[in-house]
Protein chains: 2
Amino acid sequence: MSAFELDPQLAADTVSVADWSLCRVLLMNDANYPWLILVPARPGLRDLHDLAPDDLATVTGEIVRASRALEGLFKPKKLNVAALGNMVPQLHIHVIARFEDDPAWPKPVWGVVPAQPCEPDDLEARVAALRGAFAAA
Amino acid sequence: MSAFELDPQLAADTVSVADWSLCRVLLMNDANYPWLILVPARPGLRDLHDLAPDDLATVTGEIVRASRALEGLFKPKKLNVAALGNMVPQLHIHVIARFEDDPAWPKPVWGVVPAQPCEPDDLEARVAALRGAFAAA
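All of these numbers come straight from a predicted model, not from anything done at the bench. (Residues numbered from 1 in each chain as written. Chains lettered and ligands numbered in written order. Predicted model: local features only at pLDDT ≥ 70, side-chain atom pairs only at ≥ 80, totals over all residues. Heavy atoms only, no water.)

### Brief notes about the overall build of chain A
When helices and strands are tallied, chain A shows three helices and five strands. Shown N-terminal to C-terminal, the secondary structure of chain A runs as helices and strands in the order α-β-β-β-α-β-β-α. Taking the principal axes of the C-alpha coordinates as reference, chain A spans close to 45 × 35 × 25 Å. A total of 137 residues make up chain A; the buried ones form 54% of that total. Taking the average location of the 12 positive side-chain charges in chain A and that of its 18 negative ones, the two points are 6 Å from each other. (Helix = DSSP H or I, 4+ residues; strand = E, 2+ residues; numbered from the N terminus. Buried < 20%, exposed > 50% of the residue type's maximum accessible area, 1.4 Å probe, protein only. Lys, Arg positive; Asp, Glu negative; His and termini not counted. Charge placed at Lys NZ, Arg CZ, Asp CG, Glu CD.)

Rendered as structure tokens:
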């Protein structure tokens, strides 16, 4: 089996925040929503049920960890968690903090408004805040 | 704590297929997509991370079970799994079989085309097929 390599589209759309025991933790470079993407670092996965049972349990715990960090930092109205993958085939899980005044509310975020890249300082601050929240949890 | 009661909107949009150890398994009455909804039968849940750890593991296993049944029956191009809940606050998890010729592909299904209620015979046949797939798995 080949080694894990991050999908180039995911790499282009995000910045890296952390490497957890199984998932790469990425932040979407989109000022519209606090939006993490978890990518299990195993080659050849497409769907959640492709994960080995132990890995599935680990990923589930990492989804909870990401959710709690977003909740603690941003106090969203709701979290959205989704594994879709119709366009990017590599298994990845969206964990998105949603607000009643965000540009897509109450719809799902995909395809509603174009991504709005963050100012470099804002992106760096958001990554630092997330790393702090992960370390504290 | 009050008893679990299915959200009226979910009840209105679906038919019941099964009661698993934790989740009610519902079929969306929408001919556009084979679309299951799992509702953990615990009161007061909004997000995946509200589940107690044991319940989260059970729900994860039930998501896998639903995914495999849809895959076996419908041979989709991709499965979409999502817990959104911006409009219906009760925690529910979508497990949707997606096809390159479905009305929303490759977008997520929500809000693209109105639900197309199934003919009663088709709905009954779909429920029977799902129950057969669940029993066989």
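### So, the pattern of salt bridges
Applying the stated criterion to the full structure yields nine salt bridges over all chains. The salt bridge partner of K78 of chain A is D47 of chain B, with a shortest N-O separation of 2.5 Å. Remark: D47 of chain B occurs in the loop between β3 (35-40) and α2 (53-74) and K78 of chain A occurs in strand β4 (residues 78-83); the pair is interchain, linking two chains. For K78 of chain A, a relative accessible area of 3% gives the class buried. The shortest N-O distance in the salt bridge between R42 of chain B and D55 of chain B comes to 2.7 Å. Highlighted residues: R42 of chain B in the loop between β3 and α2 and D55 of chain B in helix α2, separated in sequence by 13 residues. (Salt bridge = Lys/Arg side-chain N within 4 Å of Asp/Glu carboxyl O.)

### So, the side chain of T14 of chain B
Residues and elements named next belong to chain B. For T14, the location among the structural elements is in strand β1 (residues 14-19). There is a polar contact of 2.7 Å between the side chain of T14 and the backbone oxygen of L10. Dropping the residues within four chain positions of it, T14 is found in contact with L26, L27, M28, N29 and I37. (Polar contact = N/O pair within 3.5 Å; in protein donor to acceptor, adjacent residues only side chain to side chain. Contact = heavy atoms within 4.5 Å.)

### Quick word on the interface of chain B and chain A
Each partner contributes residues to the interface: chain B has 27 residues there, and chain A has 27 residues. Counting the surface chain B buries against chain A, the share from its top three residues, H49, K78 and N86 of chain B, is 28%. Where chain B touches chain A, the interface holds two salt bridges. At the surface where chain B touches chain A, the tally comes to 20 residue pairs in polar contact (both at pLDDT 80 or more). Counting residues per element, the ones that place at least two in the side of chain B that touches chain A are α2 and β4 (78-83) of chain B. (Buried area = accessible area lost by both parts, 1.4 Å probe.)

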